[in-house]
Amino acid sequence: MPKNCKIIKEDANRFVVYSEKANSNYPKLYNLLHKENIKFEDGSKFVAEPHENMTFKISDNSIIGKRVVCNDVKFIIKDLKNNNKDQFWIQLEEFDETDDDIPGFSPLKYFFDDDISIKDDAGNEYSLFQGIESEYKLILKEKNNQNRFQNFCFPKGKILQVRVNTYQLRKQLEAVLTLQNMPVGEHSNLIKLFENRERVLWHEPNKINKLDWIVLTDDNRSGAKEQRNFVKQAIQTPDFAILEGPPGSGKTTVILELICQLAKQGQRILLCGSTHVAIDNVLERLHEKRNGEQTLIQKFNILPVRIGDENRINEDVKEFQIDNLIKDHQISQDLLLDVANLVCGTTIGILQHPHFKDRKQKSFFHKGERKTYFEEPIVPDFDYLIIDESSKTTFQEFLVPALYAKKWILAGDVMQLSPFTDREQIVANLESLQLKDGNPLPKEYQLAVFYLHKIIEIVKYAKNRFILPVPVKVIEAFFIEMGKRNFENLEIAIFNVNTTKLELIASNLIIIDENILKDNLNNLPETHAVLEPRLKIDWQTSEHAFIHNVWQNKGNNFKLRIKGKEMENSFDIVENTNQFLKEKSWAEEIAWRVDREHQLRLLSESKTQNYRKAIEELIPLSLDKKDIETRINTIATIAFPSILESLIKGIPARFKQTETTISKGFNQQELKHRRTVLTYQH
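Participant: Teacher, can you tell me more about helix H11 (residues 395–402) here?
Facilitator: Because an α-helix packs 3.6 residues into every turn, residues spaced three or four apart end up facing the same way. Most of H11 sits inside the fold, with eight of its eight residues counted as buried. Within the span of H11, buried status applies to Phe395, Gln396, Glu397, Phe398, Leu399, Val400, Pro401 and Ala402.

Participant: I keep staring at the pairing of strand S11 (residues 137–143) and nothing clicks. Help me out?
Facilitator: Sheet faces and side chains relate simply in a regular strand, where the side chains alternate between the two faces. In terms of burial, S11 is largely enclosed, as five of its seven residues are buried. Examined bridge by bridge, strand S8 (residues 90–91) and S11 share two bridges and lie antiparallel to one another. Its bridge partner lying in S11, Gln91 is registered against Lys137. Bridge analysis of strand S10 (residues 125–132) against S11 gives six bridges, and the strand direction is antiparallel. Looking at the pairing, Ser127 lines up with Lys141 of S11. Joining the antiparallel neighbours S10 and S11 is a turn of four residues, in which Tyr136 adopts a positive phi near 55°.

Participant: Which parts of the structure should I look at to understand a negative patch on the surface?
Facilitator: Taken together, the side chains of Asp334, Asp338, Asp358 and Asp381 present a region of like negative charge at the surface. Its place among the elements puts Asp338 in helix H9 (residues 333–339).

Participant: Would you mind going over the sheet that holds strand S7 (residues 73–76) with me for this structure?
Facilitator: Adjacent strands of a sheet form backbone hydrogen bonds with each other and so pair up, either parallel or antiparallel. In space, the three strands of this open sheet follow the order S3-S6-S7, with antiparallel pairing throughout. Strand pairing shows two members of the sheet lacking a second neighbour, strand S3 (39–40) and S7, which therefore form its edges. Of the strand pairs in this sheet, strand S6 (residues 67–70) and S7 are connected by four bridges, and their pairing is antiparallel. Residue pairing in the sheet places Val69 in a bridge with Lys74 of S7.

Participant: Looking at this model, I keep getting lost on a nonpolar patch on the surface. Mind explaining?
Facilitator: On the surface, Phe546, Ile547 and Val550 cluster together to form a nonpolar patch covering roughly 270 Å² of accessible area. Along the chain, the position of Phe546 falls in helix H17 (residues 543–552).

Participant: Looking at this model, I keep getting lost on the packing of helix H13 (residues 443–458) against helix H19 (residues 586–599). Mind explaining?
Facilitator: Any two packed helices are characterised by how steeply their axes cross, that is the angle between the axes, and by the distance between the axes. Packing of H13 against H19 leaves a shortest axis separation of 8 Å and a crossing angle of 65°. On H19, the residues touching Gln446, Val449, Phe450 and His453 of H13 are Trp586, Glu589 and Arg593. Split into classes, the residues belonging to the contact of H13 with H19 amount to three nonpolar, two polar and two charged.

Participant: Help me understand the pairing of S10 in this model?
Facilitator: Of the strand pairs in this sheet, strand S9 (residues 116–120) and S10 are connected by two bridges, and their pairing is antiparallel. The residue of S10 that forms the bridge with Ile118 is Tyr126. Here S9 hands over to S10 after four residues, with Gly123 in that stretch at a positive phi of 90°.

Participant: When you look at the state of the cysteines in this model, what are you seeing that I'm missing?
Facilitator: Put plainly, two cysteines are in a disulfide when a covalent bond ties their sulfur atoms together. With the rule as written, the count across this model stands at zero disulfides. You can see Cys344 has no disulfide; the closest cysteine sulfur is in Cys272, sitting 8.4 Å from it. Residue Cys344 is classed as buried on the basis of its relative accessible area, which comes to 0%.

Participant: Explain the sheet that holds strand S16 (residues 304–306) to me, please; I cannot follow it from the model alone.
Facilitator: The strand order across the open sheet formed by seven strands is S16-S17-S15-S20-S21-S14-S28, and the pairing between neighbours is parallel. Edge positions in the open sheet fall to S16 and strand S28 (675–677), since each of these has one partner strand only. On average, each strand axis in the sheet is tilted by 15° relative to the strand beside it, whichever way the strands run. Pairing geometry for strand S14 (residues 240–244) and S28, over three bridges, is parallel. Looking across to S28, one finds that Glu244 is bridged to Val677. Those strands touched by helix H5 (residues 251–264) are S14, strand S15 (269–273), strand S17 (342–346), strand S20 (382–388) and strand S21 (405–412), and its axis lies near 170° from that of S20.

Participant: Mind showing me how you'd approach the side chain of Thr253 here?
Facilitator: With respect to the element layout, Thr253 can be found in helix H5. Given the relative accessible area of 17%, Thr253 is considered buried. In this view, Thr253 contacts Val215, Leu216, Gln227 and Arg285; residues no more than four positions away in its chain are not counted.

Thresholds applied
In this numbering scheme, every chain counts its residues from 1 along its sequence in written order. In keeping with the model being predicted, local features are shown solely for residues with a pLDDT of at least 70 and side-chain atom pairs are shown and tallied solely at 80 or more, while totals for entire chains, interfaces and linings include all residues. Side-chain calculation: all heavy atoms of the structure are included, whereas hydrogens and water are not. Buried residues are those whose accessible area, probed at 1.4 Å on protein chains only, stays under 20% of the maximum for their type, while exposed residues exceed 50% and partly exposed ones sit between those limits. A run of DSSP states H or I qualifies as a helix once it reaches four residues; a run of E qualifies as a strand once it reaches two. Both are numbered from the N-terminal end. A pair of strands is labelled paired if DSSP reports no fewer than 2 bridges between them. Each patch is built from residues that are more than 30% exposed by relative accessible area and take part in no salt bridge. Like charges join if they lie within 9 Å; nonpolar side chains (Val, Leu, Ile, Met, Phe, Trp, Tyr) join within 5 Å. Surface accessibility follows the Shrake-Rupley procedure with a 1.4 Å probe radius. Residue values consider only the protein chains on display as shielding. Should a side-chain nitrogen of Lys or Arg be within 4 Å of a carboxyl oxygen of Asp or Glu, the pair is scored as a salt bridge. When charges are tallied, Lys and Arg are placed among the positive residues and Asp and Glu among the negative ones, while His and the ends of the chain are skipped. Note on charges: their place is set at NZ of Lys, CZ of Arg, CG of Asp or CD of Glu. Fitted lines through C-alpha atoms give the axes, limited to the stretch in contact for helices. The angle between two N-to-C directions lies from 0 to 180 degrees. In what follows, residue pairs with any heavy atoms lying within 4.5 Å of each other are defined as contacts. Lys, Arg, Asp and Glu make up the charged group, whereas Ala, Val, Leu, Ile, Met, Phe, Trp, Tyr, Cys and Pro make up the nonpolar group; the residues left over, Gly among them, are polar. We call a pair of cysteine sulfur atoms a disulfide whenever their separation is within 2.5 Å.

If you want it as structure tokens, here you go:
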């Protein structure tokens, strides 16, 4: 054993030794040490909050510079310098607040979107400097009061929340309204996606001359025939071309060939993808030098412009980031964007394209409400839009860049996970669901059927009886809905000042105007517990509740079982139900079921029928049921499936509706000219 060395780990086949004379940072050493064994040289315990790679958060700065010992390995406590970013990696962990989410769809994904703000539970704001989305790890910078960013930091609080910029949603809404109200000729094929599938005429592909292959040069390479076939399809298509294939099948290679062929023909290309990695991978390969030859960018006069935050872009292609190009080449932004023939960005990041952001709009007030409109339509700047990883791209994400192109190329794998859809967006759309008469679905009907659906669940046990105070408009909606529904286990009475306890006692649900509840509480039967979704009174401390409790203790216990939880006391059931009615809504109850139904769509019908049945029960029968069903289905059809899946398979409709290409996909003859499936994995 060399002098001054100590054995810190001994296995059958190796010795791990440590020398005080070594002066290198060796991260693998950290895995061999037990952090709980760290002590000062005098034997006192070292107390601090541990982080990665033997880094700690301390509350006492006086210990900086002192020595500590861990498994005979000595360390000096040093203050981390903010210029060493690798010391500031943070591992995110998800709160398990709900049990109705699908595995694989983590909200932690939002921390890695473009243009976000991050807050901790102490109110401090941060920006994302660097992240590894696949591992949910990130490095933060702190935002000070002047909105300027300091160096790398750990959060001061324990809980982080991400605030998503609604600009993305505004651009998606703008795109939908533009396609609806202000389309140009090049958008006609996008409009066809929503027309009756049996009546739409999709044009046949154009014939092209033989191609000289640039990247796909090896005739004998496995899968080359299918790869070349798709390049021809993409160039020939009058509208869409679809490339399918599992990871490793060569989709990126095909995209490289296609970009080079299109650039050679003088075409302009917009390249988008769901991740920065996908976009930068294409750029890196275009910029790659092989055997001392020119890069593909040089050979075919490709001028790429990368849109997006420089900190999120791979180091090897940062030179193509728009701000860096402007600075390095002293060129104006407008001129740069006019001459660029390849513009790249994620489906979110591309929204920062100056032409996307600076679209002119005007505002006016109508009936006290501020409305905006655009002065000019969107005239496509690009000949082709290529979407890589389109199996992770929803229709609304696709539509924004799609309006700026004349033809659309989709590459991806429908067998991979579907896009992550923000349920809050679906809820917002459902809350303001617009009916065919142009008016939104009335809130009182949303509340009435939402309350009814919950009440039916909690009165299944015969002794469970409740009083539900609601606004007058909701009572009216209740009354109308009662005339349209058959209730097997629900007897409903509506209270008025002339009704007696005897008349009400047989009902297991009494509905009362919330504004008169307090004054009439003693006129209501004590056999019933009072729900308080809007907190008008504190029933549980009232005389009515006291008498009710006495009655319940005489063998008249309420019972309820929800999600495996047994409750045998009316007060517990009331508290549980009140919390549900306050925190949830009609739109949320529809949204999570539609979400779950979509995620289980590939399984048997029996796996989804309960969700479908519940959705149908939540639709007001006293309004236009078919219209509401159609509009819920439209939201689901656009929001949940990827654009790739929609055009290939369509999405199973939960209600009968007119079949369109976006809902049922291209038919087999149409796909024959537009789709290639790569099967060989290299």
